[in-house]
Structure formats: C-alpha cells, structure tokens
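Per-entry structural report
The residues making up each chain are set out below.
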Amino acid sequence: MKDFIKIHEQDNVIVAIREIAAGETIVLQAADGGAPGVETAAVQALETIPAGHKMAVSNIACGREVIKYGFRIGHAKEEIRAGEWVHVHNIKTALGDLLEYTYEPVQTALKPTEEAFFYGFLRPDSQAGVRNEIWIIPTVGCVNNLAQAMAKTANAKVTGSVEEVIAFTHPYGCSQMGEDQEHTRTILADLVRHPNAGGVLVLGLGCENSNIEELKRYIGEYDQERVRFLVCQECEDEMEEGEKILDELISYASRFQREKISASKLVIGMKCGGSDGFSGITANPLVGRFSDLLISKGGTTVLTEVPEMFGAETLLMNRCGSKELFAQTVSLINDFKQYFKENHQTIYENPSPGNKKGGISTLEDKSLGCTQKSGSAAVSGVLAYGERVQTPGLNLLSAPGNDLVAATALAASGAQIVLFTTGRGTPFASVVPTVKISSNSMLAEKKKNWIDFNAGVLAEDAGFDEMGQKLFDYVLAVASGEKVCSEKAGFHDLAIFKQGVTL
C-alpha cells in the first residue's frame, strides 16, 4: 500500500494515504514527480499528518500558491516549510467573486466503444426505466400522511414486475411565490414523467397554489393509463378512492417486463457529498472514468452542485463543445454566485466541517476534486434547474451542493441512477437508486450497510482501468434490478430547491 500520493508533478504538496508520524522521512522518487534529473528527494515530516491530509514537500512562502492537482488550491497564509501539515490554519482561498472568462477550448473527443446493454423497462415514449415502481406524488405537503397511508396499503397488493409503491412526500406546493413556486411545479412535473415510475398517482388537496389543474400545465401530454389524479377535497373517502386508483396503476404497470436495452438509453447523475482528502484521487476520478465509458457508448451523464465547481470552473468551460455552451456555463457559474450575493452570503463558505476533518482545506481543493467526476468528455449540454436532458453526453446541471436537493434535481433532469461519492458516509437516498461510492476502504468496511462500491482500493494496489470497468458493470447490474443499500433499507428521499418567501 502506498504511503502518500503526489497527484501532479507540479504539486508542492502530497496527500498522506496513511497517517505520517512527526519525524518520519518520506522519499519522493522521480516517478512521484520530483524535480527533473533528481532521482530521489527526502522530506521529513515536521508534525503528524493525518490520513487524507496534505504535507508540503517544498518551502512555500507566505502569499505564494499551494499547488495540488497541478492547480492552485489557495494561498499560504504564512510561510510553510517542507514537511509541515498544510490545512486551514495556514492556507486560504484565492478565489474572487463574479469573474470574466475567456473561451480556450481543448480537444476532448472520445472514441466510440462497443455497445453495452442492461435489462430495463422500455416505456411507450421510448424512455427506459431501471425500476418499475408506482409513485405517489403529493402536490402539497398537506396530503403527505395520506400519501404514505395509501402507499402502505397498496404495497400489500404489489404483483408481477411492479417492485414497490412509494410516496414521495415533501413540504412544498403552497404558500410559495414566484420562482420558488415555479421550481416546485417544474420538479414535480419532471418526476411525473420519470421512466422509473411505471404508474403515477398525483395526489392533491384542492385548495393549494400548485393544485392539480395548475400542475397539468407543467406536465403536458401524458398517458392517461399511467398517470392518474386524485383531489382529496372533491371525494367523500380519499383513502377508498386512492386504493382503487392504485390497484389500477399496479395492474397497468405489471404489463411491463425487463428487456434488453442499449446502455445509450442510460442517464446517470453524478454527485459527491461528505468528501475527504481521498475523494479527488479515488472515488471522483473513478466516476470520471465511468462517465467517459458510458458516453463512449452513446450514454449520458449529468454533473451538478454548481457551488462546488467554483475554483475549477474553467476546466469545464474549456471543454464546452461550442461558444454557446461556454457562455451558458459562464452564466451557470456567475448566476449561482449572484444568488449567494443577493442573499448576503459568502460565496466561498465552503468546505464543510466534515470536509475539513477529512483533509479538504479550501473550496478550490474541494472543487478540483469534485470536477474529477466529469471525466474528460466534452460538455454537450447545460441545464437550468428542473430542465430535462436533451443532448447525450456530459451535461452540467444548475443545482446547489446539498445532497438531497442535488440528487432530486438529477432525477428530475432524467437520471435513472445517481452515483454518489463520499469520504464520510451517509444513509440518505433519493428518488432514484443512489449508488454510494466510498473514497476510502476504512469507510467501506465500517459502513457496509451504506456503501455499495469501494473506490478506496485505488489508493492501494488497484488500477483505474480495472476499477472503471467494475464500476460500469456494477451500474449495469443496478440498472438491471440489483438493489443498492438505501433501497434495501427502504429509504426514499425528495427535496426541492427552496428559494424566496413563504407566505
């Protein structure tokens, strides 16, 4: 097992794979990116360096750049000597507020690879589902308890290929104004159209702002066998009526059977949460390998959590396939920064306490690791919050970094599965199967009931090509029906991006 990793030859820090004790000598070989012509360089640790954290391998003067991934992750707040721990006490962000950008395109074409397949549910509108569930979607939080009660009753009657009846409760749908209300209506309509749902019951109260008649305008055309509506204030016994509708939806959805479908039909969301110092060198680049592999087969990936692109955004901008996409990505970044400013918040109030404990020191440090999930493909689409994927390939989606909100946004964009990398661990779920990928083996071993795939072996002896194929094969298995940990636990979460006034 490696003791440390130097990610890029220009880095002036290394990342400790295990705890490095004070007084211990680290030897950098030429293969570790040492100075040209120098075979080895010895650096003595001047203090204990926790696993996942950074140690300086050369002297860094006060105000000079700290380099990781080959890019600046901040400025030294004081002189940092070779062998010292580099973290929040001696490094600060170097980022500014709203910025102007220049389009400097780089070549990112991927060679097509052999077609792959999964076994899913092909819908009449040509979308492919990886689950055949019945979804109850409340229009307003007032009917949440009714939705849950209906799901409980209906699950006792599930038959055939139908897997589960799920009530996706939320506190929204009324007492909202403007863009805030638009977000709720758009996301709920997106979910009504999602292919993982073989049947949908839209459950309304009757007096809410986002009532069923209003929501239908956002849903557009729909299959009347697949999507049903119930207004509780308009019927005598909503439980009896709901049970009848759900019986009919189960009967309808049970007609669908798994069949062989091209992986080009897959839309996979990519998200990270609770990152640590290993995330950017194991789990996130592994997801990047997966993204490139799926795109090479005609599939689609979606990257979100815009505030965690700050500091690494130019890497994405320069991979945009056109000046128009570049301009959209600039707006994606600066509009989100403006959102922070309008709410009188610091743009760079990140990373979180858990991130810092895991070894991440600045937002640049976190962002450069986060964007590793995008792989090397060209950016083919830029999506507003609530907008659905239109173009195959790598898409960027406007949504915050919050785990539940971002994962819901990915599902609403059309993702049938979310890949979620983590160095800290979390039991949360989302609207769609959410694959938890650990950045370190300790977490995978400790939380087997949370973690679905261990990328931590990449810090040991495993190679990216081998693990990239393993992750790809695992995702195809999940798409073909294999349950992830949160599904086995019966967890389902939904959260909508809350903005504006609550009446």
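To be clear, the structure that these remarks concern was listed above.
Residues numbered from 1 in each chain as written. Predicted model: local features only at pLDDT ≥ 70, side-chain atom pairs only at ≥ 80, totals over all residues. Heavy atoms only, no water.

Below, the discussion takes up the overall build of the protein chain. Along the backbone of the protein chain there are 13 helices and 23 strands. Over its C-alpha atoms the protein chain spans a radius of gyration of 24 Å, differing by no more than 12% from the 23 Å that the globule rule assigns to 503 residues. Judged by the C-alpha coordinates and their principal axes, the protein chain covers about 80 × 45 × 40 Å. Residue burial in the protein chain is summarised as follows: out of 503 residues, 56% are buried. Across the protein chain, contacts joining residues at least 24 apart in sequence account for 73% of those joining residues at least 6 apart. As presented, the protein chain carries roughly 20,300 Å² of accessible surface, and 48% of it is formed by carbon and sulfur atoms. (Helix = DSSP H or I, 4+ residues; strand = E, 2+ residues; numbered from the N terminus. Rg over C-alpha atoms; globule rule 2.2 N^0.38 Å. Buried < 20%, exposed > 50% of the residue type's maximum accessible area, 1.4 Å probe, protein only. Contact = heavy atoms within 4.5 Å. Areas by Shrake-Rupley, 256 points an atom, 1.4 Å probe, with all protein chains shown as cover.)

Next up on the list: the sheet that holds strand β13 (residues 165-167). Sheet architecture is open: four strands sit in the order β13-β12-β14-β15, paired in parallel fashion. The outermost strands of the open sheet, each flanked by one partner alone, are β13 and β15 (227-231). On average, adjacent strands in this sheet sit at an angle of 20 degrees to one another, irrespective of strand direction. Sheet topology places strand β12 (residues 133-138) next to β13; three bridges connect them, and they run parallel. Across the sheet, Ile-136 pairs through a bridge with Ala-167, a residue of β13. Its contacts with the sheet place helix α1 (residues 144-155) against β12, β13, β14 (197-204) and β15, and it is angled at close to 170 degrees to β13. (Pairing = 2+ DSSP bridges. Axes fitted to C-alpha atoms, helices over the stretch in contact; angles between N-to-C directions.)

This brings us to the packing of aromatic side chains. Counted by the stated rule, this structure contains 14 aromatic pairs. Judged by centre distance (5.6 Å) and plane angle (80 degrees), the ring pair of Tyr-252 and Phe-256 falls under edge-to-face. Judged by its relative accessible area of 6%, Tyr-252 falls in the buried class. Geometrically, the ring pair formed by Phe-336 and Tyr-339 is edge-to-face, given 5.5 Å between the ring centres and 80 degrees between the ring planes. Of this pair, Phe-336 and Tyr-339 both sit in helix α7 (residues 323-342), three residues apart, which is roughly one turn of the helix. (Phe/Tyr/Trp six-rings, centres within 6.5 Å; stacked < 30°, edge-to-face > 60°.)

Each packed pair of helices is defined by two parameters, the angle between the axes and the distance between the axes. Close contact between helix α2 (residues 178-192) and helix α3 (residues 212-219) brings their axes to 9 Å; oriented N to C, the two are set at 65 degrees. Judged by the angle between their axes, α2 and α3 are roughly perpendicular. As for the relative orientation of α2 and α3, their crossing is right-handed in sense. The segment α2 lies against α3, with Glu-182, Arg-185, Thr-186, Leu-188, Ala-189 and Val-192 engaging Glu-214, Leu-215, Tyr-218 and Ile-219. Across the contact of α2 with α3, the residue classes break down as six nonpolar, one polar and three charged. (Parallel < 35°, antiparallel > 145°, perpendicular 65-115°, else oblique. Left-handed = near helix turned anticlockwise from the far one by under 90°. Nonpolar A, V, L, I, M, F, W, Y, C, P; charged D, E, K, R; others polar.)

The next thing to look at is the state of the cysteines. All told, the structure shown has zero disulfides when counted by the stated rule. Looking at Cys-232, it has no disulfide partner, and the nearest cysteine sulfur is the one in Cys-235, 5.8 Å off. For Cys-232, a relative accessible area of 6% translates into the label buried. The closest cysteine sulfur to the non-disulfide-bonded Cys-272 is located on Cys-370, 3.9 Å from its own sulfur. The exposure class assigned to Cys-272 is buried, which follows from its relative accessible area of 1%. (Disulfide = S-S within 2.5 Å.)

Glancing now at a negative patch on the surface. Where like charges cluster on the molecular surface, the negative patch consists of Glu-236, Asp-237, Glu-240 and Glu-241. Take Asp-237: it is sitting in the loop between β15 and α4 (238-253). (Patch = residues over 30% accessible without salt bridge, like charges linked within 9 Å, V, L, I, M, F, W, Y side chains within 5 Å. Salt bridge = Lys/Arg side-chain N within 4 Å of Asp/Glu carboxyl O. Lys, Arg positive; Asp, Glu negative; His and termini not counted. Charge placed at Lys NZ, Arg CZ, Asp CG, Glu CD.)

Read these as geometric descriptors, not functional statements.
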